[in-house]
Amino acid sequence: MKNYYYLIYFVLAFNIGIIGANGQKNNISDLSIEQIMQGAKFVGNLPDNIKWADNSKQFYFNWNPKNAFSDSLYSYNIENGKTEKLDFETEWDLPAKGVLNSDKTKKVYAKNGDVFYIDFTLNKKTQITNTTDWEGNAKFVQNDSKIVFQANDNLFTWDVQSGEYEQVTNFKDGSKSETNDIPSDPKGRWLYDDQLRLSPVLANKKAKRDAGKIIRNKRKLKKPMPIYLSGKTLLWADLSPDGKYVSYALMKRDRSKSTDVPNYVTESAYTENIRARANVGGKPPKFSLHIYNIKSRKTTEVDFTKLKGYDYIPEFTKDYPEKEYKNKDRISYFNEPIWSNNGEYAFIDINTNDHKDRWLALINFEESTVKALEHQHDEAWIGGPGVGWFSRAEMGWMPDNKKIWFKSEETGYAHLYVKDINKGKKKALTKGKFELYKPQISNDKQYWYFSSNKSHPGDRQLYRIPIEGGDYKQITSMIGNNEVSISPDEKYIAFRYSYSNKPWEIYLMKNPLVSGKEEKAERITHSTTKDFENYKWRDPKIITFKANDGAKVHARLYTPENAVKNKAAVIFVHGAGYLQNAHKWWSSYYREYMFHNILVDNGYTVLDIDFRASKGYGRDWRTAIYRHMGGKDLSDQVDGAKYLIKEHGIDPEKVGIYGGSYGGFITLMAMFKAPDVFKAGAAIRSVTDWSHYNHGYTSPILNTPVTDSLAYVRSSPMYYAEGLKGHLLILHGMIDDNVHFQDVVRLSQRLIELKKKNWDMAIYPVERHSFTEPSSWTDEYTRIFNLFQKQLNGKE
């Protein structure tokens, strides 16, 4: 009997060892999942965040070529061609990006919570503040004679010549308390006056008190006027260039119920709760803009209700005739004033909380009013590169100080426009079925520089055009993505470059439009490891296929050699929705890219689709999911499967799908709503019910659950779980504070109640939305690989 137990123990131990050593079932690739899931340790730590020195003689970037615990700051010297790692003291003393004065001889900047001033003519740096508090948001005012900066919630000025400080604002928490010892009711007032008549002692004390109050009030007039916040949050404060006005923004937010995310694996050994976000649909904050006239000591709230279109009622409300739609305070966030170069005018970018309107409005500081210069409206939601939503708005003043420039999707693509503030005339400087990014005006004010996907949706190049529009001159030429940083003197261009199968590296070239001749880019960094370079990485083909509504869909296609082709296919769904992955540069999904190489080595065909909602294809592509996520974005995956079956000989019974976050959501919808198309799916960190996701992302697309319940029901996998036929693998981090673990817990209960058996779940106790541990990545993708091997390829 004893020997029998030893035998059983040996067999079990042997089998467990085999399973552990061969976690990837029948993987014939030269790569292993464990290898590629080491991330940067396998690929190499790639450089990023290029910043130029003010003198244009060197630039800085973050890099970690020796695989330390974190990146370090490196510099590249143009004159001697040396790349050097900076020590702590040198990095600490380096100037940060800041604001130049009008003739660009001086600069002010904030770094490490303090404010600094540089005089380039004297080559002198002065530290204006040196405290443990935070100071920042510094700029020049009053004809460059003073610097204004924010210290905590208040504005202060520093005189460039004398070095004297002056407090400009006096924001205070709470409300103004009115103290008055004189009764306000008639009876009380009569008794009060009568007592003073009867008692000269009391009358004399009151007279002395009143005289002291007059002196105190005179003293207060010598100090900044208290501005009480009354329970609101100060978002920003800005001093006008002439020093006469302060504009400031306040927000009043009602407390919304938030989610607690339990963390089970902790250093304390106790379960600890992580305070996470609220769900979509809470009461929106109320925003207000105020103008403080420093001389008159008066504050006035700006009235936005007279803006054209302010009273707009969204079209979707027609689906709910029995409901009364109310949105009294439509205004959402607005930016600090953007001042003209001569300091005479300022405009702000005003957006609504339903995301459907945007105004660029000129501020009249004397009258505390705004005048709309540009009104943009979208029945779905305002967005696009340099317009809003997933992108910071790009805008400013033209050199003549008479026109503003901005981005708009008016033609269906994000393009550059100017508008005369007096005549109201608008002009498009660029046009076409492409988008442009990060426009900047040249030093001589004669040209625009910007990046664009003009040549192909998946290719980014640097261009220059005349200031009033005209012919495009392409500056960079290497196909892929060129993330450009132009030197302050515009003679050099440093840029991060990558291609589909070549990770990011830093390059340097002379600006050919300045040198007047063709220039070649020189590679500055070499970051990839030998292990990475030992494998021949595929260059996926960018293809298009026709969707069922006739749309042309871009995708990345990976195809195996005929000798190993197994007639099975996997479709990868990228995350975020509004993201581009069918492009010609190194993917942010680089682990998935490497995993796809393993799949192809094992005979799979892989398709990576820029479905409806993806970035880089204009407004209509972006908003195609409005009020219906899991509509065209899902049908594009189905049409992709049909394309593979028809054009690449894929067996209709051998199509799988996987993705994370938004990609996990689409995977669930695919498995539930198109169960006859997809035999297996792996849903990673998936949204299962959009009413449980955050407000900022979800409400532009689906409105809110209370106002547009139809959109949420037709867009949430929870309502379609009964359609599951194929095998579903659910994978999720337990401390995910973006898409909460609760999402898949609720879905698992739904599947249990529906008596579904063909699903599994893997949970990762120490992982948030973005995994960090190689062991978790390896376990996750081993399970996904095994799922496809078993369900699509018949390999146990």
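Residues numbered from 1 in each chain as written. Predicted model: local features only at pLDDT ≥ 70, side-chain atom pairs only at ≥ 80, totals over all residues. Heavy atoms only, no water.

1. Some thoughts on unusual backbone geometry
Consideration 1: Of note, N137 is a non-glycine position whose phi angle comes to about 50°, a positive value.
Consideration 2: Phi at K567 is positive, roughly 60°, even though this residue is not glycine.
Consideration 3: In this structure, K567 sits in the loop between β39 (552–558) and β40 (569–573).
Consideration 4: Among the residues examined, K567 registers a relative accessible area of 49% and is labelled partly exposed. (Helix = DSSP H or I, 4+ residues; strand = E, 2+ residues; numbered from the N terminus. Buried < 20%, exposed > 50% of the residue type's maximum accessible area, 1.4 Å probe, protein only.)

2. Considerations on the packing of aromatic side chains
Consideration 1: As enumerated under the stated definition, the model contains 64 aromatic pairs in all.
Consideration 2: Measuring from centroid to centroid gives 6.0 Å for F406 and Y417, while their planes differ by 10°, and the two rings are stacked. Of the two residues, F406 is situated in strand β27 (residues 403–408) and Y417 in strand β28 (residues 415–420); the sequence distance between them amounts to eleven residues.
Consideration 3: Judged by relative accessible area, which is 4%, Y417 ranks as buried.
Consideration 4: Connected via pairs of aromatic rings, a cluster forms that spans W381, W389, F390, Y578, F611, Y626, Y662, F665, W690, Y693 and Y697.
Consideration 5: In this arrangement the basic side chain of R464 is found over the ring face of Y447, its NZ or CZ atom lying 3.6 Å from the centre.
Consideration 6: Positioned over the ring face of W621 is R612, at 4.8 Å from the centre of the ring. (Phe/Tyr/Trp six-rings, centres within 6.5 Å; stacked < 30°, edge-to-face > 60°. Lys NZ or Arg CZ within 6 Å of the ring centre and 35° of its normal.)

3. Some words on the sheet that holds strand β4 (residues 83–85)
Consideration 1: What the four strands build is an open sheet, ordered β1-β2-β3-β4; its pairing is antiparallel. Each edge of the open sheet is held by one strand with a lone partner, namely β1 (48–52) and β4. Averaged over all neighbouring strand pairs, the angle between strand axes comes to 25°, with direction disregarded.
Consideration 2: With three bridges joining them, strand β3 (residues 72–77) and β4 adopt antiparallel strand pairing. Among the inter-strand pairings, Y76 is bridged to a residue of β4, identified as T83. (Pairing = 2+ DSSP bridges. Axes fitted to C-alpha atoms, helices over the stretch in contact; angles between N-to-C directions.)

4. Looking at the packing of helix α11 (residues 632–648) against helix α12 (residues 662–673)
Consideration 1: At a minimum axis separation of 10 Å, α11 and α12 run at an interaxial angle of 70°. One element, α11, and the other, α12, form an angle in the roughly perpendicular class. α12 is crossed by α11, and the crossing has right-handed handedness. Along the contact surface, α11 presents D633, L634 and Q637, while α12 presents Y662, F665, I666, M669, A670 and K673.
Consideration 2: Within the contact of α11 with α12, the residues separate by chemical class into six nonpolar, one polar and two charged. (Parallel < 35°, antiparallel > 145°, perpendicular 65-115°, else oblique. Left-handed = near helix turned anticlockwise from the far one by under 90°. Contact = heavy atoms within 4.5 Å. Nonpolar A, V, L, I, M, F, W, Y, C, P; charged D, E, K, R; others polar.)

5. Considering the pairing of strand β6 (residues 106–111)
Where a strand is regular, its side chains alternate between the two sheet faces.
Consideration 1: Note: strand β5 (residues 99–100) against β6, two bridges, orientation antiparallel. Residue pairing across strands places L100 opposite K107, the latter belonging to β6.
Consideration 2: Adjacent in sequence and paired antiparallel, β5 and β6 are bridged by five residues, among which K104 carries a positive phi angle near 60°.
Consideration 3: In this sheet, strand β7 (residues 114–119) lies alongside β6 in antiparallel orientation, the contact comprising six bridges. In the sheet register, K107 faces β7, and the bridge partner there is I118.
Consideration 4: The loop that links β6 with its antiparallel partner β7 comprises two residues; one of these, N112, has a positive phi angle of about 55°.

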